[in-house]
Amino acid sequence: MMELVMQKARLPALSSCLFFLLSALPLASGSPTLTEDSKCGCFVVNDTEASYFTKHKFFDFRGLTQYAGVPATITNPNDSGTAAVTSQYFTSTEWTDTWMVGNWNNSAGVRKDSSVLMVNSPNNVYIEANGDRNPTSQTFLTLRTQRLPGPPEFQTAAEIESVSGGFRYLSVRMLARTIGSPGAITALFTYRHSDKLAEVQETDLEIRTKDPRNILHYTNQPSYTEDGDDIAEATQNATMPDGLDWTAWAVHRLDWTPTTTKWYIDGQQVANNSFQTPRDASKVILNAWSDGGEWSGNMTNFDAAYLQIQWLDITWNTTDTKPAAKRDVESELGARHDVGPHGPLLARATEQGTCKTVCSIDETTNLGQPVMLWNNGAMRTAGERSSFVSWIPSAAVFALFVLSLR
Ligand SMILES: *[C@@H]1O[C@H](CO)[C@@H](O)[C@H](O)[C@H]1NC(C)=O
Ligand SMILES: *[C@@H]1O[C@H](CO)[C@@H](O)[C@H](O)[C@H]1NC(C)=O
Ligand SMILES: *[C@@H]1O[C@H](CO)[C@@H](O)[C@H](O)[C@H]1NC(C)=O
Ligand SMILES: *[C@@H]1O[C@H](CO)[C@@H](O)[C@H](O)[C@H]1NC(C)=O
Ligand SMILES: *[C@@H]1O[C@H](CO)[C@@H](O)[C@H](O)[C@H]1NC(C)=O
Ligand SMILES: *[C@@H]1O[C@H](CO)[C@@H](O)[C@H](O)[C@H]1NC(C)=O
Ligand SMILES: *[C@@H]1O[C@H](CO)[C@@H](O)[C@H](O)[C@H]1NC(C)=O
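What you are looking at is a predicted structure, and each value in this text was computed from that prediction instead of being measured.

A. How the structure looks around empty space enclosed by the protein. Overall, the coordinates contain 3 cavities of 30 Å³ or more when judged by the stated rule. Quantified by volume, the second largest cavity comes out at close to 50 Å³. Listed by contribution, the elements that provide at least two residues to the lining of the second largest cavity are β9 (167–180), β10 (185–192) and β11 (201–208). In terms of residues, the lining of the second largest cavity owes the most to one element, β9, which gives 4 residues. Here the residues of the lining of the second largest cavity are counted per class, giving 8 nonpolar, 3 polar and 1 charged.

Spelled out as structure tokens, the structure:
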């Protein structure tokens, strides 16, 4: 009789104890488990709004020694736009699935105040060996712009833009620096084209090489009207944190959400702007350029400036309905666990904004690779390696607990 009472009293104690142990588990078992993009339904980013995104891609330019080489500048403007890409890296699907190398020029007069012919050349986008004294990578991606005497005098420039114009909200980060002579702009931005200036949607980081080397400009475009009046609220000028200047490697980050654009350097917020936040699906673009206008200034002949990038880390939501490649379809299906009889239901839940399997690119111990934060669909996906692994410690704790009761 006494024995029975004891056992009954133990049951609630056991279940509450077990609950306590299981809920403490993520802390007790240390950092979250490294996983794959395809295993993640959503990626949460560590801004104040904790925004969620369904896509993630990491572009690593740090170890591309087989593609490294600085091409000589092409000095004839006529041969610049039509130049070939500088290495096989730029024809690999790793690159072409997401990026295009720009070859347009401003001969049609895109900016009123431009005073020099500018030609974007694929020849100015290349992988370069890192020759720093204490290099933090073997290689990086370079975007080059240079003034050439001609005739005709012109500015050769560089641009890469996303193939997709379907980025609608994102968190993009790059480890980058800007070096070189005054008279150029380097930039990272989202862009939605319109023939009407007032309807352009764009949020940009711009570094002007003629500025003091700790000043950056963050703008939700347009920053001026057709009449040439400034729109002051569009721009915030910021200072690099921690006494850095933009010639030093730093992580530049943009978080674009429905209400705000926020910009960070090395994890510190340096600007945020809710004025003219882009609303519609856009491209992601990076460039290095000059057109002799007021904003960029003029470069001296033969001078050059460079945007150099070790890696790009992007998590985003897409408005694209047709994935570009079959591979994408497969990884999307993987991310949705879209198999078996429950497949369509789970897929619909994801579309409705239920992020069942949530990962982080911020909490990771291996840059570019996500970690699993939580998996609400764990019971349904118990056969998967990631959920299996995460249940091993729970099973071990449970076993230890049961043993300790004996
Ligand atoms: C570039 O092409 C134009 C048009 O064909 C030609 O008039 C001009 O001479 C060329 N310039 C150079 C530097 O070759
Ligand atoms: C500039 O672009 C136009 C239109 O694409 C093209 O016809 C022209 O040849 C280009 N000029 C140069 C110098 O690249
Ligand atoms: C930002 O800097 C630019 C260039 O120096 C200047 O023209 C502009 O007035 C500044 N804007 C603000 C809001 O401080
Ligand atoms: C935006 O920046 C201002 C000024 O630095 C700061 O006070 C504010 O907290 C920021 N807002 C958000 C939402 O981060
Ligand atoms: C750049 O140089 C050109 C002449 O080469 C000149 O017309 C233009 O005004 C200069 N731009 C600036 C901002 O000084
Ligand atoms: C991105 O899409 C997911 C899934 O639909 C949704 O839950 C999330 O709120 C979206 N993120 C933003 C910033 O709108
Ligand atoms: C957010 O994560 C980044 C790394 O992606 C880190 O540099 C930053 O310090 C983190 N910020 C907070 C507030 O945890």
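B. How the structure looks around the site of ligand 5. In the neighbourhood of ligand 5, the contacting residues comprise S115, G292, G293 and N298. Contact distances for ligand 5 include 2.9 Å between a nitrogen atom and a backbone N or O atom of G292. When the free accessible area of ligand 5 is taken as 370 Å², the share hidden by the protein chains comes to 44%. When its residues are assigned to classes, the shell around ligand 5 shows no nonpolar, 4 polar and no charged.

C. Region of interest: the confidence of the model for the protein. Here the protein averages 83 in pLDDT, and 76% of its residues register 70 or above. Segment residues 378–403: pLDDT under 50, and 24 contacts once partners within four positions in sequence are set aside and those in other chains are kept.

D. Molecular detail of the environment of E233. Inspection of the secondary structure assignment puts E233 in the loop between β12 (215–221) and β13 (235–239). Here E233 falls in the partly exposed class, since its relative accessible area comes to 47%. When the C-alpha atoms of E233 and F275 are compared, they prove to be 6.7 Å apart, with 42 residues separating the residues in sequence. Not counting residues within four places of it along the chain, the set of residues in contact with E233 comprises N273 and F275.

E. Spatial organisation of the environment of D266. Tracing the backbone through its elements, the reader meets D266 in the loop between β15 (261–265) and β16 (268–273). Taking relative accessible area as the criterion, D266 reaches 36% and is therefore assigned partly exposed. Separated by 93 residues in the primary sequence, D266 and R173 have C-alpha atoms spaced 9.7 Å apart. Other than its neighbours up to four places away in sequence, D266 contacts L244, A250 and V251. One polar contact links the side chain of D266 to the main-chain amide nitrogen of V251, over a distance of 2.8 Å.

F. Geometry of the packing of aromatic side chains. If you walk through the whole model with that rule in mind, you get 14 aromatic pairs. Positioned above the aromatic ring of W295 is the side chain of R208, whose terminal nitrogen or guanidinium carbon lies 4.4 Å from the ring centre. We note R253 situated over the ring of Y264; from NZ or CZ to the ring centre the distance is 4.6 Å.

G. View of the pattern of salt bridges. Under the defined criterion, the tally for this structure stands at 11 salt bridges. The closest approach of N and O atoms between R177 and D132, which form a salt bridge, is 3.0 Å. Residue R177 is located in strand β9, and its partner D132 is located in the loop between β6 (125–129) and β7 (139–148); the two are separated by 45 residues in the primary sequence. Assessed through its relative accessible area of 11%, R177 is described here as buried. Two residues, R208 and D211, come together in a salt bridge whose shortest N-O distance is 2.9 Å. For the pair formed by R208 and D211, the shared burial category is buried. Each of the salt bridges in this network shares a partner with another, and the network as a whole consists of R173, R253, D255 and D362.

What counts and what doesn't
Residues numbered from 1 in each chain as written. Chains lettered and ligands numbered in written order. Predicted model: local features only at pLDDT ≥ 70, side-chain atom pairs only at ≥ 80, totals over all residues. Heavy atoms only, no water. 1 Å grid on protein atoms, 1.4 Å probe; cavity = no way out; pocket = protein on both sides within 12 Å on 5 of 7 lines; lining within 4 Å. Points joined across faces, edges and corners; volume = space filled by probe spheres on them. Helix = DSSP H or I, 4+ residues; strand = E, 2+ residues; numbered from the N terminus. Nonpolar A, V, L, I, M, F, W, Y, C, P; charged D, E, K, R; others polar. Near = heavy atom within 4 Å. Polar contact = N/O pair within 3.5 Å; in protein donor to acceptor, adjacent residues only side chain to side chain. Areas by Shrake-Rupley, 256 points an atom, 1.4 Å probe, with all protein chains shown as cover. pLDDT = per-residue confidence, 0-100. Contact = heavy atoms within 4.5 Å. Buried < 20%, exposed > 50% of the residue type's maximum accessible area, 1.4 Å probe, protein only. Phe/Tyr/Trp six-rings, centres within 6.5 Å; stacked < 30°, edge-to-face > 60°. Lys NZ or Arg CZ within 6 Å of the ring centre and 35° of its normal. Salt bridge = Lys/Arg side-chain N within 4 Å of Asp/Glu carboxyl O.

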